[in-house]
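# Breakdown of the fold
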Amino acid sequence: MRLFLASPVIVYDYTGLRARYAPSLRGRWTPAEQLHLTWHFLGELPAPDKPLAWLSRLRAPRCTLLLEGIGRIGPGRKILAALSRDPAIDGVVRNLREAGVPIDRFRPHATFCRIKAIRDPKALRQSIRDDRHRILGMVLPRIALIHSTLTPDGPVYRVLAEVGD
């Protein structure tokens, strides 16, 4: 089972964001209804027992968190993602660690686009600079264990369990 821990997000103007970045790059955009902040990608596991145990010890975030800023992350920086500089993020990460989740250097993020090619590197860098401190949306106060099935049309997600509202 391909699993990860995440919280749903709402991006205030995802259509506008896509339109602003589309001339600079080509890639696979995450459908708006599948947007989420990944807390920890667990990868392939034979069963969800251990992550379900972690989830049972978690407290949901006490408030809505803000998505602020955008950047390129991942190997080869091939993911365009929202980041969160909200100080409350640190509390959620601490809570995850206390529940047993082995978070090391992973940076919570919301993937917007898996970049296939960059058409205009200069314009892309400028857009990222312009959006460095822009409030893009919010992270809802829930944490879910999600099963991801990869298909030719993109991943299909199924929530196995969650804590929060």
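Going by the structure above, here's the rest.
Below or above, wherever it landed, is the structure these notes cover. Since the model is a prediction, treat every value here as computed from it, not as a measurement. (Residues numbered from 1 in each chain as written. Predicted model: local features only at pLDDT ≥ 70, side-chain atom pairs only at ≥ 80, totals over all residues. Heavy atoms only, no water.)

### Some details on the overall build of the protein chain
- Along its length, the protein chain carries four helices and 10 strands.
- From first element to last, N terminus to C terminus, the protein chain shows the α and β order β-α-β-β-α-β-β-β-α-β-α-β-β-β.
- Over its C-alpha trace the protein chain gives a radius of gyration of 16 Å, about what one expects of a compact globule, namely 15 Å for 165 residues.
- Its C-alpha atoms give the protein chain principal-axis dimensions of about 45 × 35 × 25 Å.
- Looking at the protein chain as a whole, 45% of its 165 residues are labelled buried.
- Across the protein chain, the fraction of contacts at a sequence separation of at least 24, relative to all contacts at a separation of at least 6, is 78%. (Helix = DSSP H or I, 4+ residues; strand = E, 2+ residues; numbered from the N terminus. Rg over C-alpha atoms; globule rule 2.2 N^0.38 Å. Buried < 20%, exposed > 50% of the residue type's maximum accessible area, 1.4 Å probe, protein only. Contact = heavy atoms within 4.5 Å.)

### As for the packing of aromatic side chains
- Inspection of every chain in the model, using the stated rule, returns three aromatic pairs.
- Between Y14 and F112, the ring centres sit 5.5 Å apart and the planes meet at 55°, which makes this aromatic pair tilted. Note that Y14 is positioned in helix 1 (residues 14–21) and F112 in strand 7 (residues 110–118), a separation of 98 residues in sequence.
- Using a relative accessible area of 0% as the deciding quantity, one classes F112 as buried.
- An aromatic cluster is defined as three or more aromatic residues linked by ring pairs; in this entry it consists of Y14, W29 and F112. (Phe/Tyr/Trp six-rings, centres within 6.5 Å; stacked < 30°, edge-to-face > 60°.)

### Section: helix 2 (residues 49–57)
- What helix 2 keeps buried is the set P51, W54 and L55. Buried residues along helix 2 cover an arc of 100° about the axis, so they all sit on one side. The exposed set on the far side of helix 2, more than 90 degrees from its buried face, consists of D49, K50 and S56. (Arc of directions from axis to C-beta.)

### Things to note about a nonpolar patch on the surface
- On the surface, a cluster of nonpolar side chains totalling about 340 Å² of accessible area is made up of I10, Y12, L66 and I135.
- Structurally, I10 can be placed in strand 1 (residues 2–11).
- With relative accessibility at 36%, the residue I10 sits in the partly exposed group. (Patch = residues over 30% accessible without salt bridge, like charges linked within 9 Å, V, L, I, M, F, W, Y side chains within 5 Å. Areas by Shrake-Rupley, 256 points an atom, 1.4 Å probe, with all protein chains shown as cover. Salt bridge = Lys/Arg side-chain N within 4 Å of Asp/Glu carboxyl O.)

### Details of the sheet that holds strand 6 (residues 79–82)
- The strand order across the open sheet built from four strands is 2-7-6-5, with neighbouring strands paired in antiparallel fashion. In the strand order of this sheet, the two ends are held by strand 2 (25–29) and strand 5 (70–73), each with one partner. Here the strands of the sheet are splayed against their neighbours by 35° on average, with no regard to which way each runs.
- For strand 2 and strand 7, the ladder comprises five bridges, and the chain directions are antiparallel. Looking at the pairing, R28 lines up with R114 of strand 7.
- Helix 1 rests against strand 2, strand 5, strand 6 and strand 7 of the sheet, and its axis sits at about 150° to strand 2.
- Contacts from helix 4 (residues 121–130) reach strand 2, strand 5, strand 6 and strand 7, with the element oriented near 130° to strand 5. (Pairing = 2+ DSSP bridges. Axes fitted to C-alpha atoms, helices over the stretch in contact; angles between N-to-C directions.)

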